[in-house]
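# Notes for the structure review
For reference, the chains in residue letters:
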Amino acid sequence: MAANYNEKLLLNYVPVYVMLPLGVVNVENVFVDPETLETQLKRLKEEGGIDGVMVDVWWGIIESKGSKQYDWTAYKTLFQLIARLGLKIQAIMSFHQCGGNVGDVVNIPIPKWVREVGESDPDIYYTNRRGTRDIEYLSLGVDNLPLFAGRTSVQMYSDYMSSFKENMLELLESGAIVDIEVGLGPAGELRYPSYPQSQGWVFPGIGEFQCYDKYLKKEFKEAAAKAGHPEWDLPDDAGEYNDKPEETGFFRTNGTYVSEEGKFFLTWYSNKLIFHGDQIIGEANKIFAGLKVNLAAKVSGIHWLYNHHSHAAELTAGYYNLYERDGYRPIARMLSKHYGTLNFTCLEMKDTDNTAEALSAPQELVQMVLSKAWKEGIEVAGENALETYGTKGYNQILLNARPNGVNHNGKPKLRMYGFTYLRLSDTVFQENNFELFKKFVRKMHADQDYCGDAEKYGHEIVPLKTPNSHLTLEDIADAAQPSGAFKWDSETDMKVDG
């Protein structure tokens, strides 16, 4: 049956992707159950109307045998299957460990030969004040140190992406692969591993700063000396993972975080993270320039303690976000240099989902982050943070996807670039769940039939351009000036139960 569109309404269409299971290619680099996956994807495409899928492409699987020994066979078979079904692919360059975060059901460590470097030099990992190492992802302190068979971390990531491009070129050139999301930290997110469940963190704890490896310690002391304060040191009063802000010297009212030393540290800590992202996205930009593909980076939705004056959980993660300082627009400014998309999470959450003590404000956080990205002129995509099968979560996602609703006369003022649903599982296909999911996709598509031609809804992908200017400290300082958020409607005009 031919698709039926209203051309003006089609400009409100938000494509929906589904995240594949974490272990779709297992730790032995085997595409485990292609028959079941094909059956599920056919249902999602033909009955659900989804636009594509998102896939973690694990560094720990592909380069597991040794430095520069890449094996893409299983992923190539997977991608060819997805493309054959007419689905688009969002590929995540997953340079982190799978295991130890919310929803991680399989364990895929970073490559063994990299971890062997860590046995003799554990400072390659992010480290908290007590010296506990986090082995999920390499510390940004070793980004430019040739500790890995003569290569730096950034060179390893760059070589990996180059190999991906060489091996997947046909799928890139055919338009099957539409997005490259570059992993920049734990869980693939641009952040420090400040709230690791593997070390006992429990929601809504403040988390801990993760810059006490010898490399970042040295960099901080050099920066402090250069600023004329050699006596300044990394924080020793910021508490432990599950403390409350007011229990610490750093985050309490008029605490260290508002002192000159505290401000210097927080600026240094957050800037290191942004320039880490800038350098690696810059490598991706060089590699994929000229191809019709989007680059993206994921930012974590740290919604707890958002309503505390210190925003402690955001600060420990590297987001220097306060009432009088914007922590997210500088990230959007960085991405804008590379024509990148900002991928955000917790889109399904409402302020009332958590207890009052969590001081949680996901609705305000989403509104703030999306607004800042749009103000920087970049596209925004997003995900749900936790499993979502109900009306309330879907309606909240629909509101965030089009904050001011559908424009019946053409393109809406505000519209997300795409949404990725976490995650493909048997639970999605349970009868009531699947019926509601199908309605959700239909509403994301502005009540239009599935459209395989992105140009028709204003998403033509152009060849990736290279930056015309480089990110500076002045850019970050300028973007950090507070500015308001766009207004959101109180509820979506496209409810799944409407």
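Details of the structure are given in the entry above.
Residues numbered from 1 in each chain as written. Predicted model: local features only at pLDDT ≥ 70, side-chain atom pairs only at ≥ 80, totals over all residues. Heavy atoms only, no water.

### Remarks on the overall build of the protein chain
Along the protein chain, the regular secondary structure elements total 15 helices and ten strands. Computed over C-alpha atoms, the radius of gyration of the protein chain comes to 22 Å, within 12% of the 23 Å expected from 2.2 N^0.38 for 498 residues, which places it in the range of a compact globule. A principal-axis box enclosing the C-alpha atoms of the protein chain has dimensions of 75 × 50 × 45 Å. Taken across its 498 residues, the protein chain has 58% of its residues classed as buried. Put simply, 79% of the contacts in the protein chain that link residues at least 6 apart link residues at least 24 apart. Counting every atom, the protein chain has about 19,500 Å² of accessible surface; 49% of that belongs to carbon and sulfur. (Helix = DSSP H or I, 4+ residues; strand = E, 2+ residues; numbered from the N terminus. Rg over C-alpha atoms; globule rule 2.2 N^0.38 Å. Buried < 20%, exposed > 50% of the residue type's maximum accessible area, 1.4 Å probe, protein only. Contact = heavy atoms within 4.5 Å. Areas by Shrake-Rupley, 256 points an atom, 1.4 Å probe, with all protein chains shown as cover.)

### So, helix 13 (residues 391-401)
For helix 13, the buried fraction is high: nine of the eleven residues fall into the buried class. Those residues of helix 13 not exposed but buried are G393, Y394, N395, Q396, I397, L398, L399, N400 and A401. The elements touched by buried residues of helix 13 are helix 12 (362-375), strand 10 (418-421) and helix 14 (431-444).

### A look at the pattern of salt bridges
For the structure shown, the criterion picks out 30 salt bridges. Note that R130 and E240 form a salt bridge whose closest N and O atoms lie 3.7 Å from each other. With R130 in the loop between strand 4 (125-127) and strand 5 (133-138) and E240 in the loop between helix 8 (214-226) and helix 9 (260-288), this residue pair connects regions lying 110 residues apart in the sequence. Assessed through its relative accessible area of 45%, R130 is described here as partly exposed. You can call E240 partly exposed: its relative accessible area is 40%. Close ionic contact of R442 with D449 constitutes a salt bridge, the shortest N to O distance being 2.7 Å. The exposure class assigned to R442 is partly exposed, which follows from its relative accessible area of 34%. You can call D449 buried: its relative accessible area is 18%. The network of salt bridges with shared partners includes R329, R333, K337, E376, D475 and D478. (Salt bridge = Lys/Arg side-chain N within 4 Å of Asp/Glu carboxyl O.)

### Side note on the pairing of strand 5
Strand direction decides the pairing type here: strand 4 and strand 5, joined by three bridges, are antiparallel. The partner of Y126 across the bridge, within strand 5, is D134. In this structure, the hairpin formed by strand 4 and strand 5 is closed by a connection of five residues, where G131 is found at a positive phi of approximately 90°. (Pairing = 2+ DSSP bridges.)

### Considerations on the environment of Q448
The residue Q448 is located in the loop between helix 14 and helix 15 (473-479) in this model. Residue contacts for Q448: discarding those within four places in its chain leaves N4, Y5, N6, L9, L10 and R442.

### A short note on the nonpolar core
Within the largest apolar cluster, 149 residues are counted, with the highest numbers of intra-cluster contacts made by Y75, L78, F79, L138, F164, I180 and F288. Sequence-distant contacts of I180, defined by excluding residues within four places in its chain, comprise A91, M93, F164, L172, F288, V293, N294, L295 and A296. (Core = buried A, V, L, I, M, F, W, Y, C linked by side-chain atoms within 4.5 Å.)

### Re the side chain of S94
Examined against the element boundaries, S94 turns out to sit in strand 3 (residues 88-94). By relative accessible area, which is 0% here, S94 ends up buried. Contact partners of S94, with chain neighbours within four places excluded, come to D56, V57, W58 and W59.

### Brief notes about the packing of helix 8 against helix 9
Where helix 8 meets helix 9, the axes come as close as 11 Å, and the angle between the chain directions of the two elements is 130°. By the angle between their directions, the pair helix 8 and helix 9 is classed as oblique. Considering how the two elements wind past one another, helix 8 and helix 9 form a crossing that is right-handed. On helix 9, the residues that touch L216, E219, F220, A223 and A224 of helix 8 are F264, F265, W268 and K272. Residue composition of the contact of helix 8 with helix 9, by class: seven nonpolar, no polar and two charged. (Axes fitted to C-alpha atoms, helices over the stretch in contact; angles between N-to-C directions. Parallel < 35°, antiparallel > 145°, perpendicular 65-115°, else oblique. Left-handed = near helix turned anticlockwise from the far one by under 90°. Nonpolar A, V, L, I, M, F, W, Y, C, P; charged D, E, K, R; others polar.)

### Observations regarding the packing of aromatic side chains
Summed over all chains, the structure comprises 41 aromatic pairs. Aromatic pair W72 and Y160: ring centres 5.2 Å apart, planes at 50°, arrangement tilted. In this pair, W72 sits in the loop between helix 3 (59-62) and helix 4 (73-84) while Y160 sits in helix 6 (residues 153-167), placing the two residues 88 residues apart along the sequence. One exposure class covers both W72 and Y160, and it is buried. Relative to F440, the ring of F419 lies with its centre 5.7 Å away and its plane at 80°, an arrangement referred to as edge-to-face. With F419 in strand 10 and F440 in helix 14, this pair connects stretches of sequence that are 21 residues apart. Pair check on accessibility: F419 and F440 agree, each one buried. Over the aromatic face of F486 sits the side chain of K375, whose NZ or CZ is 5.5 Å from the ring centroid. (Phe/Tyr/Trp six-rings, centres within 6.5 Å; stacked < 30°, edge-to-face > 60°. Lys NZ or Arg CZ within 6 Å of the ring centre and 35° of its normal.)

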